[in-house]
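Residues per chain, in single letters:
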Amino acid sequence: MLHRPPPLNAVRAFVAAARHLSFTRAGQELGVTHGAVSRQVRQLEDYLGVELFERRTRQIVLTAAGAQFLADTAPALASISAAAEVFVGRGAPRVVRINVRPSFAVRWLIPRLPDFVARHPQVKPEVVTSTLAPERALESFDVAIRRGRRGWPPSIEARAFMQDEGLVVAAPELLRARPIGRPADLAGHVLLYSRSRRADWEAWFTQVGRPRARQQQTLQFDHLHFVMQAALDGLGLALAPVSLLGHDLARGRLAAPLPDLRLALDRYYYGIAPDAGPAAQSFVAWLQDVAQAEQRQLLKRAGIAAS
């Protein structure tokens, strides 16, 4: 009698965990919790009758049996994926619908989508912009990205994505005309802000230990991307999220006069809809890779030492 094959999901979980040597990172790749990965690996170990990992404090290490099983199974999974891609490639592109706020779409996501398309030519990204929380979304989506843990429906697990900080930026021409070397120098400038982030400037002044000037001029805009454009056009200073500065710092369109004085902001989270297909998993894996690499680059370009 042929022995029943091992559970394929458990094998996938094991290979991902072995590749990352982390249940948490394997869960991020597969779109499940680290606890789910741990349970699947334990299920596989029970099936095989051997320990595949040595579990240490905050670390896992492959055992000799685990290393051997990885060597045998990883190529097999790759072959299955390659065989499936042959047939997937014959059909229509798979679609992943991504729900984000307009400022994030304009300043972060859309400029980077060509890289995702190049890596995943059989996946068609569709960007849906909304200022509503995911739990109140008017259109269906596969992946949503928002700041903070509030406003997520119970059916979606919000997973930590990208840390962020607020940074004072302005057009270089404006700073040459009215240089800034310390917080007190902001008194001679117009402060730009959006309705959704109107409290950021007060929080920044509180953090640096200096009250805002009484006669400080301000300009309010409906959305953050309008604030960014106003800063580019030299209308004043923006307290901009580092995540949204994009190529503006790299290309010298904006400058950061006080790079060490940054305001901690709510981090980004992403969530995958329960009925989302494999295209969503491909998207969030790409999302993590790009975000981690570019966050380090942006901090260096701004002259910021990563904390």
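Residues numbered from 1 in each chain as written. Predicted model: local features only at pLDDT ≥ 70, side-chain atom pairs only at ≥ 80, totals over all residues. Heavy atoms only, no water.

In the annotation of an unreviewed UniProt entry, the entry for the protein reads Transcriptional regulator GcvA, and the organism field reads Pigmentiphaga daeguensis. One UniProt comment on the protein, placed under Sequence similarities (unreviewed entry), says "Belongs to the LysR transcriptional regulatory family." (UniProt positions renumbered as here; feature names shortened; annotations may be inferred.)

Peer 1: Whenever I open this one, the nonpolar core confuses me. Can you help?
Peer 2: Soluble, globular proteins show a tendency: their nonpolar side chains are buried together. Core analysis: the biggest nonpolar cluster contains 43 residues, and Val96, Phe104, Trp108, Leu109, Ile145, Phe161 and Phe283 have the highest contact counts within it. Sorting elements by how many residues they give to this core places helix α10 (residues 278-301) first, with eight residues. Ignoring sequence-local partners within four residues, the contact set of tryptophan 108 consists of Ser103, Phe161, Met162, Ser243, Leu244, Leu287, Val290 and Ala291. Counting 19 residues, the second largest nonpolar core, distinct from the first, contains Val15, Ala18, Val37 and Ile60. (Core = buried A, V, L, I, M, F, W, Y, C linked by side-chain atoms within 4.5 Å. Buried < 20%, exposed > 50% of the residue type's maximum accessible area, 1.4 Å probe, protein only. Helix = DSSP H or I, 4+ residues; strand = E, 2+ residues; numbered from the N terminus. Contact = heavy atoms within 4.5 Å.)

Peer 1: Sorry if this is basic, but what is going on with the side chain of aspartate 200 here?
Peer 2: Within the secondary structure, aspartate 200 sits in helix α7 (residues 200-208). A residue is classified by how much of its surface remains accessible, and aspartate 200, at 11% relative accessible area, is buried. Polar contacts involving the side chain of aspartate 200 include one to the side chain of arginine 197, which spans 2.6 Å. Sequence-distant contacts of aspartate 200, defined by excluding residues within four places in its chain, comprise Leu239, Leu263 and Leu265. (Polar contact = N/O pair within 3.5 Å; in protein donor to acceptor, adjacent residues only side chain to side chain.)

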